[in-house]
Structures are given as C-alpha cells and as structure tokens.
Amino acid sequence: MLRPFLRGKIQRARVTGCDVSNVGSVSVDRDLLEACDLLSLERVDVYNITRGTRFTTCCVPAPPGSGEVAINGAAAHLAKVGDFVMIAAYCQLDREDVPRHRARVVLVDEGNRLTEVREQTPFDLPENES
C-alpha cells in the first residue's frame, strides 16, 4: 500500500503577482524550485495562508533571483499580491521507504529569497509550521 507524504514545500512565500489572463500555473523563482527539488510542470498544491484558499496546479520557473511567486489563470481569483502561500508537492511511499524519506522545507525572507533549506522526516515533530 502506498501512502502520501510531503516531498517538499516552500513555506510562507509572498505572492508577487496575480494574472487571470495568463495561462494557469504558479510561476516560482527558479532558485526556490531548485532548492525544493521541484521540476517545471510538476503538480503542486498551493495553500493561501492569508485567505485560507487552496488549489492544485503546476509550477513553472520564473527568472532565478527574481523572488517571483505569481498565481496565474483561474487560481488568480484565490489570491492577492502580498498574500502568504505555501507551495507543496507530495510523493507516494511504501512503508519500507518511510524511514529513509526526507522532505525539503524551503524558508524564504520577505522578498522570497532563500534563507534556509531544512530536511524533515516523518518522525520529526515540526516547530511552528503553518
């Protein structure tokens, strides 16, 4: 039996743009995607910490160092510039893979610049997670 586990997340990124007319997805600074080990077109869930809205989309790279986190397409109705969001990807694990699993947690500053990358195991008790 496969069980879903967090694979990686970008924690408390600030939305820098919302464009309903843009073809869907969430555009994310390439540096943050790489730190979180997210690939272009990979499925992600976006949790709007500010508004409580949630949606699933795919991520696309924005220019490295830009700090961009832009919500595009219909999902742009679920966020506003300045909102805090969490962008998360999941994986399916067999029970025997769980002890070796490490999720990447990417922390950012006010400008969505990388400040820290943490590894979290299914056995860790998170401190102050949103």
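Residues numbered from 1 in each chain as written. Predicted model: local features only at pLDDT ≥ 70, side-chain atom pairs only at ≥ 80, totals over all residues. Heavy atoms only, no water.

> Lay out the overall build of the chain with the relevant residues and their values.
Within the chain, the regular secondary structure consists of one helix and nine strands. The order of helices and strands in the chain, counted from the N terminus, is β-β-β-α-β-β-β-β-β-β. Along the first, second and third principal axes, the C-alpha atoms of the chain reach 45 × 30 × 25 Å. A burial count over the chain gives 43% of its 130 residues as buried. For the chain, contacts bridging at least 24 residues in sequence account for 76% of all contacts bridging at least 6. (Helix = DSSP H or I, 4+ residues; strand = E, 2+ residues; numbered from the N terminus. Buried < 20%, exposed > 50% of the residue type's maximum accessible area, 1.4 Å probe, protein only. Contact = heavy atoms within 4.5 Å.)

> Could you give an account of the pairing of strand β9 (residues 114-120), with specific residues and numbers?
Bridge analysis of strand β8 (residues 103-108) against β9 gives six bridges, and the strand direction is antiparallel. Considered in β9, the bridge of V106 is made with V117. (Pairing = 2+ DSSP bridges.)

> Tell me about the pairing of strand β1 (residues 3-14), and name the residues and values.
Strand direction decides the pairing type here: β1 and strand β7 (residues 84-93), joined by nine bridges, are antiparallel. Each residue of the ladder has a partner; that of R14, found in β7, is F84. Pairing geometry for β1 and β8, over four bridges, is parallel. Bridging across to β8, I10 finds its partner in V106.

> Could you give an account of the state of the cysteines, naming the residues involved and the relevant values?
Counting across every chain of the model gives zero disulfides. Here C36 stays unpaired: no disulfide links it, and the sulfur of C59, its closest cysteine neighbor, is 8.6 Å away. (Disulfide = S-S within 2.5 Å.)

> Give a detailed account of the nonpolar core, specifying residues and quantitative values.
Grouped together as the largest cluster of nonpolar side chains are 23 residues, with contacts concentrated most on I10, V26, L38, V44, V46, I71 and I87. Among the secondary structure elements, those contributing two or more residues to this core are β1, β3 (25-29), α1 (30-36), β4 (43-48), β5 (54-62), β6 (69-72), β7 and β8. No other element matches the four residues that α1 contributes to this core. Beyond its immediate chain neighbours, meaning those up to four positions away, I71 contacts V15, G17, C18, D19, S25, V26, V46, F55, A76 and A79. (Core = buried A, V, L, I, M, F, W, Y, C linked by side-chain atoms within 4.5 Å.)

> Explain the environment of L6 to me, and be specific about the residues and the numbers.
Along the polypeptide, L6 turns up in strand β1. Classification of L6 as partly exposed rests on a relative accessible area of 21%. Here the alpha-carbon distance between L6 and V26, two residues 20 residues apart in the chain, equals 19 Å. If near-sequence neighbours (up to four positions away) are discounted, L6 is found in contact with A88, A89, Y90, H101 and A103.

> Tell me about the sheet that holds β5, residues and numbers included.
Taken together, nine strands build an open sheet; the order of strands is β2-β6-β3-β5-β4-β7-β1-β8-β9 and the sheet is mixed. At either margin of the open sheet sits one strand with a lone partner, and together these are β2 (17-19) and β9. The sheet shows a mean angle of 30 degrees between the axes of neighbouring strands, direction not considered. (Axes fitted to C-alpha atoms, helices over the stretch in contact; angles between N-to-C directions.)

> Describe the packing of aromatic side chains, with residues and values.
Per the counting criterion, the structure on display carries zero aromatic pairs. Over the ring of F84 we find R12, and its NZ or CZ is 4.2 Å from the ring centre. (Phe/Tyr/Trp six-rings, centres within 6.5 Å; stacked < 30°, edge-to-face > 60°. Lys NZ or Arg CZ within 6 Å of the ring centre and 35° of its normal.)

Such coordinate-based values are descriptive only and should not be taken to indicate function.
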